[in-house]
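Listed below are the residues making up each chain.
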Amino acid sequence: MSWGTELWDQFDNLEKHTQWGIDILEKYIKFVKERTDIELSYAKQLRNLSKKYQPKKNSKEEEEYKYTACKAFLSTLNEMNDYAGQHEVISENMTSQITVDLMRYVQELKQERKSNFHDGRKAQQHIETCWKQLESSKRRFERDCKEADRAQQYFEKMDADINVTKADVEKARQQAQLRHQMAEDSKADYSSILQRFNQEQWEYYHTHIPNIFQKIQEMEERRIVRIGESMKTYAEVDRQVIPIIGKCLDGIVKAAESIDQKNDSQLVVEAYKSGFEPPGDIEFEDYTQPMKRTVSENSLSSSKEGKSELRFGGKSRGKLWPFIKKNKGATPEDFSNLPPEQRRKKLQQKVDDLNKEIQKETDQRDAITKMKDVYLKNPQMGDPTSLDHKLAEVTQNIERLRLETQKFEAWLAEVEGRLPARSEQARRQSGMYDGQTHQTVTNCAQDRESSPDGSYTEEQSQESELKVLATDFDDEFDDEEPLPAIGTCKALYTFEGQNEGTISVVEGEMLSVIEEDKGDGWTRIRRNEDEEGYVPTSYVEVYLDKNAKGAKTYI
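Residues numbered from 1 in each chain as written. Predicted model: local features only at pLDDT ≥ 70, side-chain atom pairs only at ≥ 80, totals over all residues. Heavy atoms only, no water.

Undergrad: Could you clarify how one ought to interpret the overall build of the chain in this entry?
TA: What the chain contains, in helices and strands, is 12 helices and 5 strands. By element, 51% of the accessible surface of the chain is carried by carbon and sulfur atoms, the whole surface being about 35,900 Å². (Helix = DSSP H or I, 4+ residues; strand = E, 2+ residues; numbered from the N terminus. Areas by Shrake-Rupley, 256 points an atom, 1.4 Å probe, with all protein chains shown as cover.)

Undergrad: Explanation requested: the nonpolar core in the structure shown.
TA: Burial of nonpolar side chains together is a common tendency in soluble globular proteins. In terms of nonpolar packing, the biggest core is built from 39 residues, with Leu25, Tyr28, Met94, Ile98, Phe213 and Ile216 touching the most fellow members. Those elements that provide at least two residues to this core are helix H2 (11–52), helix H4 (68–160) and helix H5 (166–257). In terms of residues, this core owes the most to one element, H4, which gives 15 residues. Beyond its immediate stretch of four places on either side in the chain, isoleucine 98 contacts Tyr28, Val32, Asn93, Ser230, Thr233 and Tyr234. In terms of nonpolar packing, the next biggest core, distinct from the first, is built from 15 residues, Val505, Leu511, Tyr534 and Tyr539 among them. (Core = buried A, V, L, I, M, F, W, Y, C linked by side-chain atoms within 4.5 Å. Buried < 20%, exposed > 50% of the residue type's maximum accessible area, 1.4 Å probe, protein only. Contact = heavy atoms within 4.5 Å.)

Undergrad: Please explain the side chain of threonine 405 as it appears in this structure.
TA: As for its placement among the helices and strands, threonine 405 is situated in helix H10 (residues 388–416). The buried category is assigned to threonine 405, whose relative accessible area is 4%. A polar contact of 2.7 Å, which involves the side chain of threonine 405, links it to the backbone oxygen of leucine 401. What threonine 405 contacts, discounting residues up to four positions off in sequence, is Val351, Leu354, Asn355 and Ile358. (Polar contact = N/O pair within 3.5 Å; in protein donor to acceptor, adjacent residues only side chain to side chain.)

Undergrad: Mind showing me how you'd approach the sheet that holds strand S2 (residues 510–515) here?
TA: For sheets, the rule is that strands pair by backbone hydrogen bonds, running either parallel or antiparallel. Strand order in the open sheet formed by 5 strands is S4-S3-S2-S1-S5, and the pairing between neighbours is antiparallel. With partners counted over all chains shown, the strands left at the sheet margins are strand S4 (531–536) and strand S5 (540–544), one partner each. Neighbour-to-neighbour, the strand axes of this sheet turn through a mean angle of 40°, independent of strand direction. (Pairing = 2+ DSSP bridges. Axes fitted to C-alpha atoms, helices over the stretch in contact; angles between N-to-C directions.)

Undergrad: Explanation requested: the confidence of the model for the chain in the structure shown.
TA: Detailed reading of the predicted coordinates is not advisable wherever pLDDT is low. Mean pLDDT over the chain works out to 79, with 79% of the residues at or above the 70 mark. Here helix H8 (residues 322–325) stands out as the element of the chain with the lowest mean pLDDT, 38, in contrast to H2, whose mean of 94 is the highest. Note on residues 418–479: pLDDT under 50 across the span, and 66 contacts to partners over four residues away in sequence or across chains. (pLDDT = per-residue confidence, 0-100.)

Undergrad: Help me out: how do you make sense of the pairing of strand S1 (residues 487–491) in this one?
TA: Each regular strand shows side chains that alternate between the opposite faces of the sheet. Of the two faces of S1, only one is covered, namely that formed by Gly487, Cys489 and Ala491; the face formed by Thr488 and Lys490 stays uncovered. Pairing of S1 with S2 involves 4 bridges; the strand directions are antiparallel. Directly across from glycine 487, in S2, lies its bridge partner valine 513. Relative to S5, S1 runs antiparallel, the two being bridged by 5 bridges. Across the sheet, residue lysine 490 finds its bridge partner in S5, namely glutamate 541.

Undergrad: How should the packing of aromatic side chains be read in this particular structure?
TA: Centre-to-centre distance and the angle between the planes together describe a pair of aromatic rings. Under the counting rule described, the total for this entry stands at 13 aromatic pairs. When the ring of phenylalanine 31 is compared with that of tyrosine 234, the centres are 5.6 Å apart and the planes differ by 35°; the resulting orientation is tilted. In this pair, phenylalanine 31 is assigned in helix H2 and tyrosine 234 in helix H5, connecting sequence segments 203 residues apart. Exposure remark for phenylalanine 31: the relative accessible area of 42% places this residue in the partly exposed category. (Phe/Tyr/Trp six-rings, centres within 6.5 Å; stacked < 30°, edge-to-face > 60°.)

Undergrad: Even after reading the chapter, I still don't get the pattern of salt bridges, so can you show me in this structure?
TA: Charged atoms that come close allow side chains of opposite charge to pair. Summed over the entire model, instances satisfying the criterion amount to 23 salt bridges. For arginine 365, the salt bridge is made with aspartate 366, and the minimal N-O distance between the two is 3.9 Å. The class for aspartate 366 is partly exposed, based on a relative accessible area of 34%. Shared partners join several salt bridges into a network, and the residues in it are Glu515, Arg524, Arg526 and Glu532. (Salt bridge = Lys/Arg side-chain N within 4 Å of Asp/Glu carboxyl O.)

Undergrad: Just checking my understanding: could you explain the packing of helix H9 (residues 340–377) against H10 for this structure?
TA: How two helices pack is summed up by the angle between their axes together with the distance between the axes. Where H9 meets H10, the axes come as close as 9 Å, and the angle between the chain directions of the two elements is 160°. Between H9 and H10, the angle falls in the class roughly antiparallel. The element H9 and its partner H10 pack so that their crossing is left-handed. (Parallel < 35°, antiparallel > 145°, perpendicular 65-115°, else oblique. Left-handed = near helix turned anticlockwise from the far one by under 90°.)

Undergrad: What exactly am I supposed to notice about the pairing of S2 here?
TA: Two strands pair when backbone bridges link them, and S2 and strand S3 (residues 522–527) are joined in this way by 3 bridges, in the antiparallel orientation. The partner of glutamate 515 across the bridge, within S3, is arginine 524. Between S2 and S3, which pair antiparallel in sequence order, lie 6 residues; one of them, glycine 519, sits at a positive phi of approximately 105°.

Undergrad: Any chance you could explain H9 here in plain terms?
TA: An α-helical turn contains 3.6 residues, so a residue and the one three or four places further along point in the same direction. Across its 38 residues, H9 extends 55 Å between first and last C-alpha, which sits within 8% of the 56 Å expected from 1.5 Å per residue. Listed as buried for H9 are Glu341, Gln342, Arg343, Leu347, Val351, Leu354, Ile358, Glu361, Thr362, Ile368 and Tyr375. Tucked inside the fold, the buried residues of H9 contact helix H6 (261–272) and H10. (Expected span 1.5 Å × (residues − 1).)

Rendered as structure tokens:
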């Protein structure tokens, strides 16, 4: 099957068909180019999506990623970032292996097509010129033959007429012979041109056109093969990244399988555990017994302690807790505003951070020391004394960080029970308080025993002693403004506040709320405008005032 023999008379149609083939190729190039743009856009959107949900550095979100579910999500975001990279690879490979290659090939194809059809038109114009020459010689031969017939007829007419002179008859005869000669010459010329035209026509339809059309056919078939190869490349480019995309998806599956619900539950315990023990059983109070009771140190001391906490412990002891002094939102350096377990975690984290800073400064000091040694050995490289100031500064930073670390390690040791829980000054204050308490208990016992009617009279003396102590403790904090109440609360259970900053409450007691739970499980309350402290949030039912400043709405 050859276009030269089968389509010898379809020059114009072949020209249209080959142009259509080039249009199809350009359309495919446009399709691939738009696909690469889509891949780039998709990769960009995936990267932006992954970046959008990445945890922000030094934020609360970063702390949340200690849970295995959040770690799995972070791994998913990272895998999606790699997944986006593979789509960028698809775009790059399609551009380099298909789009650029085909665009160059289209230009070559257009040039080749133009050259082939130019040769075809040239051959076509040549055969048309030969045809015109043949037609012209044919018409001339026909005209000369007609002229020769008319000249012969005129001669015969003159020769038959007796009235015509012999000279006229001779002239007519010569004219007829001339016309016959011209007709013969035209015949010979027409015959020669006809033979030449037939030869040219045979070569045109059997040699020139078949050769040209064969080139056009080969050109078109190469175009078809090329577009097929490009389609294979199109698929191969996608197939090449499938293993890597599969690994990305496997990474997401592996991250999902690494989620450990038990571990996350344990992390919740570590994050919010206060370290306090749950409240014990409430003792039965028998009011049927007579008011006289045997005086014992235990009963007096317990009564003394209970009353002291109820009367002034909330205020004075609460104010001894460092963060109550800083009631404007500042966090104490030793994190004493937190429950024991949370405080231990914060202190441990601070110690770890300080150790990292010390290591960083130590490495910098070592590097400066090495550079100084190099300068000493090779003075032309630099002045060793120029590094002294920087070296001294780094050394001071290391010493400052070490002192800071020792301070936090001491606080950490206190929390973990490796050191006494209170400072020397606190122990002296506590000793003074214990001595006064013992003296007060003795006086109370004597007063009660010497009472004429045998009634219980220790309350007044205890109250007076406690007022004196409360005054001593409160002198330092008289200039502080009390926080406004943002609601009320009802004690659901009795709570014995035995730690600094806490306050004892009795079941059913109504108190004012001055600071709601910040997520650590503690609510700050006030009793009678002079006793403040913290109680577990689960021990009280809170009723917040919606109009109070900073109050949240609970549904």
